[in-house]
Amino acid sequence: MTSICEHIGNIEKYIEKKDTAKLANSIIDLEKAFLKSKFGLCQRGIKNKAGSVEEIIKARKDGVYKKQMEETTKNWIADYEKKKDKMNHKERKHKLEEIIRLIKPIVKDNYPESYIILAKAYLYRGIIFRPKGFRVPARKIEALKEAEKFSKKACYLLPNNIDALRVWAYSVLEIEFIFKESIKLDNDLFNKAAQCIANDRICDLKDMAVILRYSEKEKNQTYLYKILNENNDYKRAYDLLLYKAKACFLLNKADEIKSYIERAIEQAPKAFSDPFWDDIVEFLLKLKENDSKLGEIWKNLSLKTIEACMNNELKISSGINLIRHWARQKPLYDLAFLAASTPVKKVEIADSLKSRPALRYAVLNNLKNEISEVDEILKIEDESRDGRYIKKEIDLDAKKIADEIKSKNISPEELTEPWIAVHFYLNEIDGNGYAINFDSKTKKWEIHSFKYKELYESFKAWYVPYSHKDEDDEFLSEMILTLCKKIGETMPFLHSFPINSNILWIPHGFLHHLPLHAAILNNGKILFETCLSRYLPAWHLGNFSEKQAVNGKGRFLLKRFGNYHFEEICDLDWDKKEIEEATKEMLINYLKTNPEILMLLCHGEADILNPFRSKLKLKEPGCSILDILKSTNSNIRSTKVFLGACESDMAQFSGNTIDEHLSLSSVLLSIGCNEIIAGLWEVHPYQVEECYKDIIPIQSSVKQEIDYTLKEWQIKAYREGIRIYRIAPFRIMGLPSKKSSNNEVQS
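Residues numbered from 1 in each chain as written. Predicted model: local features only at pLDDT ≥ 70, side-chain atom pairs only at ≥ 80, totals over all residues. Heavy atoms only, no water.

Novice: Quick question: what am I supposed to make of the overall build of the chain here?
Specialist: A tally of helices and strands in the chain yields 32 helices and 14 strands. Within the chain, the fraction of its 747 residues that count as buried is 53%. Look at the contacts in the chain between residues 6 or more apart in sequence, and 70% of them connect residues 24 or more apart. Only carbon and sulfur atoms are counted for the fraction: they give 48% of the accessible area of the chain, which is about 34800 Å². (Helix = DSSP H or I, 4+ residues; strand = E, 2+ residues; numbered from the N terminus. Buried < 20%, exposed > 50% of the residue type's maximum accessible area, 1.4 Å probe, protein only. Contact = heavy atoms within 4.5 Å. Areas by Shrake-Rupley, 256 points an atom, 1.4 Å probe, with all protein chains shown as cover.)

Here it is as structure tokens:
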């Protein structure tokens, strides 16, 4: 007969060998052994008396044990409900999992209340998981479905049990919110639940959600005044106000809706993970859909809500929270954009959609010496970007962070003459793209709308085979030509730019990935033949320093490109150059010295899951975007940065997220750089050499503006028969600092 110690020895042995099957069997054998009277209970801390084991086994099989277990877990649920607001996420999770683990084995039809207890535990388990952007955790969906299943069973076993009906209705509404129209309600059971809840009493805010859903579905206003008359002192007063506004919506009381929502916004929670924000955005969308009946109150309320959100964003130290929890609120920005009455306000809303993780990180990094908590915040940020949970929120006085970020919010009307800024916004509510143009010379605004869906299809037709490397250069070249033609067709306003215009593009969404400067116009001309172009990923990433930049000194080359030698570039007159031995430390050091020109020739390596870990493949271990953000005392205000890494200006495309073009270029802009020339997509090294060897000497001798120099090269290459695919990827990122010189277009 195997002893307890031998069983434990087997378990340890199979843990060491990582033999899962035998480990599982050994654990089962140990559990069986404990039930046998041969092994003294003293080994488990219980006095060994005759028949003790038999009595324990008998008690566990007896109905009294199950009843006691049921009563205990019911008390645990009640205790959880009482204390949950003082528990953190981890404590809640462990408590609920403990209840589920203990109650699930004894759930049976002849103990129907056990189904209610288990359903409640699963419901609470599902609720504590928050969506991350547009992705709803699978564990949340699984828990809610289990809650719905067990509570529905309880509803049939206990037909008039109000607890069972409540839990089932709550679960169904949670699932319905996730899957929207794709789920079918059990109408009879839901109506019964709503009526029973309304006739009982409102004891939870979720009761109001059930009554509202019933009233909306059945066009029945009978119970709505119960919500309006509810005056209990709820901790989440903003939810109560929102539910009252929803009741007024079903009663067509426009003035009351406005009053309740304004009060709810004033008290709204700071956390963007709070479900209140999902609820209010969904409600604003309903108001917009019914504006013919209620008037345009959605406009005022959308603007008030977006203002509250912008103020909240300034107080949040964690960029991760914005990415994970605020990404899905794009409809709010769409509503506010449509509601805004001035071009300046529309531009402000468009720019605020870009949640600024790179900028926020750079701001925090610069405040390390002033705010002691910053180091811990940045550590948590780094860990969570690699997939770990944020274990705790760091409390700090966010005023300095807010003031620093606010300093980037310069009016778009401060644009340098003679540039025209084109701020884009893609609005999913009305299906239109918008170009909001500001002419710094005339000080006039123009708003142009365009249908972007066909352009998006053309973009995908080129981007999908490109990203999967499914096609050769010939095919991709033809697709880029088609895409450039489609840009010209989709955006008629491009044809009206005067010759010699200087255009600053501020894209949005997939437009970040388009060569807008290479749009083919009605007359067959390429836009770069007639206009200068620059790009900014976001208006707030322009370098608006009031101090006059000191001219950069020194021309530095860092190269680590394997087999390709870039001989003509390397033979240029460099003050310092590192060939093949270029390191991260060298790059970080050069970023502190304000050089005139900094040339980087190396491969790049993307990290799709964590773009902050994307890196330049310098000498091992390379230099990541995060390394650059972490570098302190960067001084590249007057530096022209030339990037020779493939796709160095290309960020991973994602359709359903906040707009954050997180490329090497945008990171350099966030730490103060003002001019970067980079490749929008992959080009052969000889194209990099052909472009840069012509531009860099001119930059040194004539001191000509880099955008004009690049345009001259593109025109020359195009007229020599080089394909658009090889010319168009090169573009300038950065705010124009002064009027471009020598910018007359040659015929």
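Novice: Would you take a moment to explain the nonpolar core for this structure?
Specialist: One broad trend across soluble globular proteins is that nonpolar side chains are buried collectively. Among the nonpolar cores identified, the biggest contains 235 residues, and Trp462 and Leu668 are the most heavily contacted of them. Broken down by element, this core gets its largest block of residues, 10 residues, from helix 6 (residues 113-127). Residues within four places of tryptophan 462 in sequence aside, it is in contact with Leu476, Met479, Ile480, Leu483, Trp681 and Tyr725. (Core = buried A, V, L, I, M, F, W, Y, C linked by side-chain atoms within 4.5 Å.)

Novice: In this structure, what is going on with helix 16 (residues 297-315)? I would like to understand it.
Specialist: Residue pairs spaced three or four apart in an α-helix point in one direction, given the helix's 3.6 residues per turn. Given a rise of 1.5 Å per residue, 19 residues ought to cover 27 Å, and the 28 Å separating the end C-alpha atoms of helix 16 matches this to within 8%. Among the residues of helix 16, Ile297, Trp298, Leu301, Ser302, Thr305, Ile306, Ala308, Cys309, Met310, Asn312, Glu313 and Leu314 are the ones counted as buried. (Expected span 1.5 Å × (residues − 1).)

Novice: What exactly am I supposed to notice about the side chain of arginine 125 here?
Specialist: Tracing the sequence through the fold places arginine 125 in helix 6. Only 2.7 Å separates the side chain of arginine 125 from the side chain of glutamate 97, close enough to count as a polar contact. Non-local contacts of arginine 125, meaning those with residues more than four positions away in its chain, are made with Lys93, Leu96, Glu97, Ile100 and Ala143. (Polar contact = N/O pair within 3.5 Å; in protein donor to acceptor, adjacent residues only side chain to side chain.)

Novice: I would appreciate a short explanation of unusual backbone geometry in the present structure.
Specialist: For residues besides glycine, phi is generally negative; the peptide bonds are generally trans as well. Residue glutamate 417 is joined to proline 418 through a cis peptide bond whose omega torsion reads 0°. For proline 418, the position within the fold is in the loop between helix 22 (399-406) and strand 1 (419-427). Geometrically, the link from glutamate 620 to proline 621 is a cis peptide bond, its omega value of 10° lying close to zero. Mapped onto the elements of the fold, proline 621 is located in the loop between strand 10 (615-616) and strand 11 (623-624). The backbone of lysine 443 sits at a positive phi, close to 60°, despite the residue not being glycine. Along the polypeptide, lysine 443 turns up in the loop between strand 2 (432-439) and strand 3 (444-451).

Novice: When you look at the packing of helix 14 (residues 275-289) against helix 18 (residues 330-339) in this model, what are you seeing that I'm missing?
Specialist: Packed helices, taken two at a time, are described by the angle between their axes plus the distance between the axes. Two numbers describe how helix 14 lies on helix 18: the axes approach to 9 Å, and their chain directions differ by 40°. Classified by the interaxial angle, the pair formed by helix 14 and helix 18 is oblique. Remark: the crossing between helix 14 and helix 18 carries left-handed chirality. Where helix 14 abuts helix 18, its residues Val281, Leu284, Leu285 and Lys288 lie against Pro331, Leu332, Leu335 and Leu338. Partitioned by chemical class, the residues of the contact of helix 14 with helix 18 number seven nonpolar, no polar and one charged. (Axes fitted to C-alpha atoms, helices over the stretch in contact; angles between N-to-C directions. Parallel < 35°, antiparallel > 145°, perpendicular 65-115°, else oblique. Left-handed = near helix turned anticlockwise from the far one by under 90°. Nonpolar A, V, L, I, M, F, W, Y, C, P; charged D, E, K, R; others polar.)

Novice: Explain the pattern of salt bridges to me, please; I cannot follow it from the model alone.
Specialist: When charged atoms on two side chains of opposite charge get close, those side chains can pair. Enumeration according to the criterion identifies 37 salt bridges in this entry. Note that lysine 345 is salt-bridged to glutamate 348, the shortest N-O span being 3.3 Å. Here lysine 345 pairs with glutamate 348, and both are found in helix 19 (residues 343-352), just three residues apart, close to one helical turn. With a relative accessible area of 25%, lysine 345 lands in the partly exposed category. Glutamate 348 gets classed as partly exposed once you look at its relative accessible area, which sits at 38%. In this structure, the salt-bridge partner of arginine 534 is glutamate 675, at a minimum N-O distance of 2.3 Å. Taken together, the residues arginine 534 in strand 5 (residues 532-535) and glutamate 675 in strand 13 (residues 675-679) connect sequence positions 141 residues apart. (Salt bridge = Lys/Arg side-chain N within 4 Å of Asp/Glu carboxyl O.)

Novice: I keep staring at the sheet that holds strand 10 and nothing clicks. Help me out?
Specialist: In sheet architecture, strand pairing relies on hydrogen bonds along the backbone and comes in two forms, parallel and antiparallel. If you walk across this open sheet you meet the three strands as 9-10-11, and the pairing is antiparallel. Edge positions in the sheet fall to strand 9 (604-605) and strand 11, since each has one partner strand and no second. (Pairing = 2+ DSSP bridges.)

Novice: Can you help me understand the state of the cysteines in this one?
Specialist: Here is the idea: a disulfide is a covalent bond, and it sits between the sulfur atoms of two cysteines. Considering all chains together, one arrives at zero disulfides under this definition. With no disulfide of its own, cysteine 623 has cysteine 602 as its nearest cysteine by sulfur position, at a separation of 8.8 Å. For cysteine 623, a relative accessible area of 1% puts it in the buried group. (Disulfide = S-S within 2.5 Å.)

Novice: Even after reading the chapter, I still don't get the packing of aromatic side chains, so can you show me in this structure?
Specialist: Within a pair of aromatic rings, the relevant descriptors are the distance that separates the centres and the angle that separates the planes. For the structure shown, the criterion picks out 34 aromatic pairs. Ring centres of tyrosine 238 and phenylalanine 276 lie 5.2 Å apart, and the angle between their planes is 75°; on these two criteria the pair is classed as edge-to-face. In this pair, tyrosine 238 sits in helix 12 (residues 237-250) while phenylalanine 276 sits in helix 14, placing the two residues 38 residues apart along the sequence. Pair check on accessibility: tyrosine 238 and phenylalanine 276 agree, each one buried. Taken together, Phe424, Phe450, Phe493, Phe497, Trp505 and Tyr535 form an aromatic cluster joined through their ring pairs. A cation over an aromatic ring shows up here: arginine 555 above the ring of tryptophan 574, its NZ or CZ 5.2 Å from the ring centre. (Phe/Tyr/Trp six-rings, centres within 6.5 Å; stacked < 30°, edge-to-face > 60°. Lys NZ or Arg CZ within 6 Å of the ring centre and 35° of its normal.)

Novice: I tried to follow the pairing of strand 2 on my own but got confused; where do I start?
Specialist: Moving residue by residue along a regular strand, the side chains alternate between the two faces of the sheet. In terms of residue burial, strand 2 counts as a mostly covered element, since seven of its eight residues are buried. Summarising the sheet, strand 1 and strand 2 pair through eight bridges and their orientation is antiparallel. Each residue of the ladder has a partner; that of asparagine 427, found in strand 2, is asparagine 432. Linking strand 1 back to strand 2 in an antiparallel pair, the connection comprises four residues, with glycine 431 at a positive phi of about 75°. Between strand 2 and the antiparallel strand that follows it, strand 3, lie four residues; lysine 443 among them carries a positive phi value of about 60°.

Novice: Quick question: what am I supposed to make of the packing of helix 9 (residues 187-200) against helix 10 (residues 205-218) here?
Specialist: Two elements in contact, helix 9 and helix 10, have axes separated by 9 Å at closest approach and are oriented at 125°. Classed by the angle they form, the pair helix 9 and helix 10 counts as oblique. The handedness of the crossing between helix 9 and helix 10 comes out as left-handed. Between helix 9 and helix 10, the contacting residues are Asn187, Phe190, Asn191, Ala194, Gln195, Ile197 and Ala198 on the first element and Asp207, Val210, Ile211, Arg213, Tyr214, Lys217 and Glu218 on the second.

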